[in-house]
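Chain by chain, the residues:
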Amino acid sequence: MEIKIDVLDSPTEKDKGVLNNRFSEYLRIQYPNLPPESEDKIFMVIAHDEAGDYIGAISCNCYWDGLEIDTFWVKESHRGKKVGSMLLEKAEAIGANNGAVVAFLKTVDAKKFYERHGYEIYGVLEDRPIGTNLYHLKKRLVKHA
């Protein structure tokens, strides 16, 4: 049996769809009680000033009993004023209210901020980007009974 390997520099939507469908099928077989992606709860928490301008925001996704913190930004002039803490705490509360028992994320330069909020490192990827460490952190939102 001959196997051919191709590289797709610009995969089509069809190509991506085939891969995603096959992977979803695999997951359904391996984990029959796993909620489907259609039940993911994608949300943002936004802080804004009196003029309505963004001064901070966090985007998240609740799925598979976890809260994934994706993108998190606070305007330079508002850092150190608890804006980030308020956004994170609100996102964690929404996650917990939607069944998340653990929050997780990756960061290059905000490790100390997350550690102050109870996050622990569970992995480090060196040189991503070169000369830095990409930290993977987690925090238990709901304690086991």
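In the annotation of an unreviewed UniProt entry, the protein chain is listed under the name GNAT family N-acetyltransferase and assigned to Pseudomonas wuhanensis.

*Asks:* What am I meant to see in the overall build of the protein chain here?
*Replies:* Summing up its helical and strand segments, the protein chain has three helices and six strands in all. Taken from the N to the C terminus, the helices and strands of the protein chain come in the order α-β-β-β-α-β-α-β-β. The C-alpha atoms of the protein chain give a radius of gyration of 19 Å, which is well past the 15 Å a tight globule of 145 residues would have. Seen through its principal axes, the protein chain has C-alpha atoms that stretch 65 × 40 × 35 Å. Taken across its 145 residues, the protein chain has 26% of its residues classed as buried. Taking the contacts inside the protein chain whose residues are at least 6 apart along the sequence as the reference set, 48% of them involve residues at least 24 apart. Entry remark: accessible area of the protein chain is about 10900 Å², with carbon and sulfur atoms responsible for 52%. Side chains of the protein chain carry 20 positive and 23 negative charges; the gap between the two charge centres is 5 Å.

*Asks:* How should I be thinking about the side chain of Glu 92 in this particular structure?
*Replies:* With respect to the helices and strands, the residue Glu 92 is situated in helix H2 (residues 83–97). At 2.7 Å, the side chain of Glu 92 and the side chain of Tyr 119 are in polar contact. Beyond its immediate sequence surroundings of up to four residues, Glu 92 is in contact with Leu 67, Tyr 119, Lys 139 and Leu 141.

*Asks:* Got a minute to help me understand the state of the cysteines in this structure?
*Replies:* As used in these notes, a disulfide is a covalent bond between sulfur atoms, one from each of two cysteines. Counting across every chain of the model gives zero disulfides. In this model Cys 62 remains outside any disulfide bridge; the closest cysteine sulfur is found in Cys 60, 7.3 Å from its own.

*Asks:* Can you walk me through the sheet that holds strand E3 (residues 66–74) in this structure?
*Replies:* Note: strands within a sheet are paired through backbone hydrogen bonds, in either parallel or antiparallel orientation. The strand order across the open sheet formed by six strands is E1-E2-E3-E4-E6-E5, and the pairing between neighbours is mixed. The open sheet is flanked by strand E1 (41–48) and strand E5 (120–126), the only strands paired with a single partner. Each strand of the sheet is rotated relative to its neighbour by a mean of 20°, with strand direction disregarded. One ladder, built from three bridges, connects E3 with strand E4 (residues 102–107); its direction is parallel. Within the sheet, the bridge partner assigned to Leu 67 lies in E4 and is Ala 103.

*Asks:* What am I meant to see in the UniProt feature "domain: N-acetyltransferase" (unreviewed entry) in the protein chain here?
*Replies:* The sites that carry the UniProt feature "domain: N-acetyltransferase" (unreviewed entry) are, in the present numbering, residues 6–142. In the segment residues 6–142, helix accounts for 28% and strand for 35%; the C-alpha atoms at its two ends are 45 Å apart.

Cut-off values and rules
Throughout, a residue's number is its position along its own chain's written sequence, starting from 1. Whole-chain, interface and lining totals are the exception, using all residues; otherwise, since this is a predicted model, local features are given only for residues with pLDDT of at least 70 and side-chain atom pairs are given and counted only at 80 or more. Here the side-chain values reflect all heavy atoms present in the structure, with hydrogen atoms and water set aside. Note on conventions: DSSP H or I runs of at least 4 residues are helices, E runs of at least 2 residues are strands, and numbering of each starts at the N terminus. Taken over C-alpha atoms, the radius of gyration is set against a globule rule of 2.2 Å times the number of residues to the power 0.38. For every residue, the accessible area obtained with a 1.4 Å probe (protein chains only) is divided by the maximum for its type, and the residue is called buried under 20%, exposed over 50%, and partly exposed between those limits. Here, residues are in contact when the closest pair of their heavy atoms is within 4.5 Å. Using a 1.4 Å probe, the Shrake-Rupley method yields the accessible areas, and only the shown protein chains count as cover for residues. His is not counted here, nor are the chain ends, while Lys and Arg score as positive and Asp and Glu score as negative. Just so you know, the charge point we use is NZ for Lys, CZ for Arg, CG for Asp and CD for Glu. Whenever a nitrogen or oxygen atom comes within 3.5 Å of another N or O atom, the pair is scored as a polar contact, on the condition that within protein one atom can donate a hydrogen and the other can accept it, and that pairs from neighbouring residues in sequence are kept only if both atoms are in side chains. The disulfide criterion is simple: two cysteine sulfur atoms within 2.5 Å. At least two bridges found by DSSP between two strands is the condition for calling them paired. To get an axis, fit a line to the C-alpha atoms, keeping to the stretch in contact for a helix; angles then go from 0 to 180 degrees between the N-to-C directions. UniProt positions are given in the numbering used here, feature names are shortened, and annotations may be inferred rather than shown by experiment.

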